[in-house]
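Tertiary structure, described
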Amino acid sequence: MKVTIEIDCTPDEARRAMGLPDLTPLHDQYVAMMQEAMQGKVQPELLEGMLKSWAPMGDAGMRFWRQMLDSAGTIGAASKG
């Protein structure tokens, strides 16, 4: 026997029904910091420390983020000149 149940709800309603926390303020702050880093307003070392404490990505993941930030800084400097 196969039973299918379809529930029509928004992602927010599903999150609340499962008892998960609302991480919208944290996500908004993270996105703002990433935008500031891309514009050169935040030092990459600060962002790197934050990412290390938040994400279990290991050294390979951190190298990826470092390369992304370095290339973003290079692109930003080239567009200003």
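Refer to the structure above for everything that follows.
So, here is what we can say about the structure in this document. (Residues numbered from 1 in each chain as written. Predicted model: local features only at pLDDT ≥ 70, side-chain atom pairs only at ≥ 80, totals over all residues. Heavy atoms only, no water.)

Below, the discussion takes up the side chain of Arg15. Within the fold, Arg15 resides in helix H1 (residues 11-17). Setting aside its immediate chain neighbours within four residues, Arg15 contacts Leu20, Pro21 and Asp22. (Helix = DSSP H or I, 4+ residues; strand = E, 2+ residues; numbered from the N terminus. Contact = heavy atoms within 4.5 Å.)

It is worth spelling out the nonpolar core at this point. Listed in full, the five residues of the largest apolar core are Tyr30, Met33, Met34, Met50 and Trp65. The leading source of residues in this core is helix H2 (residues 24-38), at three residues. Apart from residues no more than four positions distant in its own chain, Met50 is found in contact with Tyr30 and Met33. (Core = buried A, V, L, I, M, F, W, Y, C linked by side-chain atoms within 4.5 Å. Buried < 20%, exposed > 50% of the residue type's maximum accessible area, 1.4 Å probe, protein only.)

Residue position: Ser71 is located in helix H4 (residues 58-80). Residue class for Ser71 comes out partly exposed when judged on its relative accessible area of 36%. Remark: the alpha-carbon pair of Ser71 and Met38, spanning 33 residues in sequence, is separated by 9.6 Å.

Honestly, it's all geometry; don't read function into it.
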